[in-house]
Amino acid sequence: MRITVETSVAAPIDRVWHAYTTPADIVKWNAASDDWHTTRATVDLREGGAFSSRMEAKDGSMGFDFAGTYTKIVEHKRIEYSFGDRKAEVEFVPGPNGVVVRVVFDGETTHSEEQQRSGWQAILDNFARYVAAKQKA
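Residues numbered from 1 in each chain as written. Predicted model: local features only at pLDDT ≥ 70, side-chain atom pairs only at ≥ 80, totals over all residues. Heavy atoms only, no water.

- Identification of the protein chain as Polyketide cyclase from Bradyrhizobium nitroreducens is taken from an unreviewed UniProt entry.
- Of the protein chain, the UniProt comment under Sequence similarities (unreviewed entry) reads exactly: "Belongs to the AHA1 family." (UniProt positions renumbered as here; feature names shortened; annotations may be inferred.)

Below you can see the structure in the form of structure tokens.
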């Protein structure tokens, strides 16, 4: 099962790319809801490089690591990665009102397609809000 989520980010491609690939930014936007946060992130942005994010409930009740390996990087255009036996692609498409960021990923079997779609969409929506607010500042 392949799942697609996307958002439009009101900022130039260089800022969108930087915020998506920089650990200091990732920890500020990478959460699906206000009761979760990312406590740390690492990025080795090159083909064969690793990435990881530690996501935790703010009340400390649970957490998990999201980690993988970059398989293709086309600066300002595309990031492909594997995580476990799954894969994902992130497209960055500049347009007149900013950048469309589209993520297509392999679903898993523990959660429903809708749960997965809504979680990944919420994170992407947080990303768009974060970058737009940073752009205005």
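Quick look at the side chain of Thr7
- Of note, Thr7 is situated in strand E1 (residues 2-9).
- A relative accessible area of 13% places Thr7 in the buried class.
- What Thr7 contacts, discounting residues up to four positions off in sequence, is Val99, Val100, Val101, Gln121, Leu124, Asp125 and Ala128. (Helix = DSSP H or I, 4+ residues; strand = E, 2+ residues; numbered from the N terminus. Buried < 20%, exposed > 50% of the residue type's maximum accessible area, 1.4 Å probe, protein only. Contact = heavy atoms within 4.5 Å.)

Some points on helix H3 (residues 113-136)
- Here H3 contains 24 residues, and its C-alpha end-to-end distance of 35 Å stays within 8% of the 34 Å for a straight helix at 1.5 Å per residue.
- Buried residues of H3: Gln116, Gly119, Trp120, Ala122, Ile123, Leu124, Asn126, Phe127, Ala128, Tyr130, Val131 and Ala132, and no others. (Expected span 1.5 Å × (residues − 1).)

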